[in-house]
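# Fold and contact review
Okay, here's what each chain looks like letter by letter:
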Amino acid sequence: MSNLLRSLALLGVVALPAALLGRWLGGWMPGAALALLAAAAAYRYCAPVVLRLYGAREVDAQGAPHLLAMVRDLARHAGVAMPRVFVLDEGAPNAFVTGTHARQASLVLTTGILQVLDEAELRAVLAHEFAHVLRGDMLPASLAAAGGGVLAFVAQAGLARVSDDAAAEFAPWVAPLWLLLAPLAALLARMGGSAGKEFAADRLGSLLCGDPEAMARAVRQLRPRVDGPGVFALAVRYPAGAQLMFDDPLRRRGLMRLFRTHPTRAARLRALRAQAGAAREVSASAVLEQPLER
């Protein structure tokens, strides 16, 4: 229900400006038609927009046979359709899943994560992403990432246009207007993700892969960098997409902490260690309860 309400709210954010534009152009009927068209376009194209913004390229069985075999095995175990698999040429290790429903999911991995994690840790990260698919987290997250990404793109283009010498005729209030789009994009991202979703995906993903300790190791290794080699430049450029990712690639300071969509690394590790400890206790109890052989 939470994901449904988030999705409806995000579609409403898209539809409302279209409705107002239609109302201004010709009345309520054109406004309603434009609103429905905008909402349908947002639903249909949110995942392709995200993939395009981040420059992800699809891989096939010839290019990454072992990776696709691992994804296929986890998809079978989770009981969902095999997603399309994309690789992003990015040194910062991370992963995310985007799409509107489980039959049309796209799984994206950076080249950095394929180099940093061992097989058990990578499987745990993939299981976390499949957990988002099973929980229905993809749609609101994809809508927020696409909407925020488009707003960020428009804001950057608008500020560049205003700063151009040839644009001196713009009114003085135009530049501040473009600046307002960035916090609006951050607000959209906050609507698409939450710390609770990440905790839940960690728990369910640990059950899918059967190894909460591997999940904890992956969380511990994927540390965001904000400068120098390893910075996730596209995540900084399109911050609304950060809420899609396994690990938050942004270091949020000051007021930006209000827009945090991931729990702290320490909190995630505590929860995963507790889950691993509980799993060990259950396993030990099962062994003790087995009848002794005579």
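Overview of the structure. (Residues numbered from 1 in each chain as written. Predicted model: local features only at pLDDT ≥ 70, side-chain atom pairs only at ≥ 80, totals over all residues. Heavy atoms only, no water.)

What follows is about the nonpolar core. Formed by 38 residues in total, the largest nonpolar core has its most connected members in Leu67 and Leu126. When residues of this core are traced back to their parent elements, those giving at least two are α3 (65-78), β2 (84-88), β3 (95-98), β4 (106-110), α5 (119-135), α8 (195-209), α9 (212-221) and α11 (265-289). The contact partners of Leu67, leaving out residues within four places of it in the chain, are Val85, Leu109, Leu114, Leu122 and Leu126. Judged by nonpolar contacts, the second largest core, of 31 residues, contains Val108, Ala145, Ala146 and Ala235. (Core = buried A, V, L, I, M, F, W, Y, C linked by side-chain atoms within 4.5 Å. Buried < 20%, exposed > 50% of the residue type's maximum accessible area, 1.4 Å probe, protein only. Helix = DSSP H or I, 4+ residues; strand = E, 2+ residues; numbered from the N terminus. Contact = heavy atoms within 4.5 Å.)

It is worth spelling out the packing of aromatic side chains at this point. Counted by the stated rule, this structure contains 2 aromatic pairs. When the ring of Tyr54 is compared with that of Phe96, the centres are 5.8 Å apart and the planes differ by 55°; the resulting orientation is tilted. Of the two residues, Tyr54 sits in helix α2 (residues 28-54) while Phe96 sits in strand β3, which places them 42 residues apart along the sequence. Phe96 shares its class with Tyr54; the two are buried. Ring pairs connect the aromatic residues Tyr54, Phe96 and Phe232, which therefore count as one cluster. Over the ring of Phe246 we find Arg268; its NZ or CZ atom is 4.8 Å from the centre of that ring. (Phe/Tyr/Trp six-rings, centres within 6.5 Å; stacked < 30°, edge-to-face > 60°. Lys NZ or Arg CZ within 6 Å of the ring centre and 35° of its normal.)

Purely spatial values, then, with no claim about function.
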